[in-house]
Amino acid sequence: ISLWELIKHTTIWIANLKRAKNARKEESVDALRKVVIAAQQTTVYVRQLRDTGQQSHTKEAQLAERWTELSFALEDLKVSKLAKRCLINGKQWADPSSMSKDFLLKADAGLDRIEQLANLMLATLKR
């Protein structure tokens, strides 16, 4: 998915959201903020893995659940492109060997990218 397609999708979503009721706007802001938090929590765990070499299946299960729940919430809010990326992260944490590096690269589902998209959407909502 190209950056242009994401921007186009985001623009349409935000235009629709601006016509939505306040409750939906609040749900959207909440979900996007949770994406940023999940990306940062995951980054901290990845740093811990790198620094200590100690893997935690419990923490990875929590991350898998968090990312999957976020994907469902975003899909309900019709933020499907970001939802798909979150779902990929959930599956990746549930079973790291389930997807090839090539697929992950093409999916553009890296933590930095997901956080960037969520922050872009949040910034656009505040306008």
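Coordinates for the structure precede this section.
Scope of this entry: the structure provided in the associated data block. These figures come from a predicted structure and were not determined experimentally.

Next up on the list: a negative patch on the surface. Residues Glu26, Glu27, Glu75 and Asp76 make up a contiguous surface patch of negative charge. Sorting the residues of the negative patch by element identifies helix 2 (22-52) and helix 3 (57-76) as the ones contributing at least two each. Mapped onto the elements of the fold, Glu26 is located in helix 2.

Assignment of secondary structure puts Glu69 in helix 3. Given a relative accessible area of 46%, Glu69 falls into the partly exposed group. Expressed as a C-alpha distance, the spacing of Glu69 and Ala83, which sit 14 residues apart in the sequence, is 9.5 Å.

The rules behind the values
All residue numbers refer to position in the chain's written sequence, counted from 1. Under the rules for a predicted model, residues below a pLDDT of 70 receive no local features and side-chain atom pairs below 80 are neither given nor counted, while totals for whole chains, interfaces and linings still include all residues. For the side-chain quantities, the full set of heavy atoms in the structure was used; hydrogens and water were omitted. In this analysis, a patch consists of residues with relative accessible area above 30% that form no salt bridge, clustered at 9 Å for like charges and at 5 Å for the nonpolar side chains Val, Leu, Ile, Met, Phe, Trp and Tyr. Computed with a 1.4 Å probe, the accessible areas rest on the Shrake-Rupley method; for each residue, only the protein chains presented here act as cover. Any carboxyl oxygen of Asp or Glu that lies within 4 Å of a side-chain nitrogen of Lys or Arg is treated as forming a salt bridge with it. Under the counting rule used here, the positive set is Lys and Arg, the negative set is Asp and Glu, and His together with the chain ends is not counted. Lysine's charge is taken at NZ, arginine's at CZ, aspartate's at CG and glutamate's at CD. In this text, helices come from DSSP runs of H or I with a minimum length of four residues, and strands from runs of E with a minimum of two, each type numbered from the N-terminal end. Burial classification: accessible surface area is computed with a 1.4 Å probe over protein chains only, and a residue below 20% of its type maximum counts as buried, one above 50% as exposed, and the rest as partly exposed.

In short, geometric facts, not functional conclusions.
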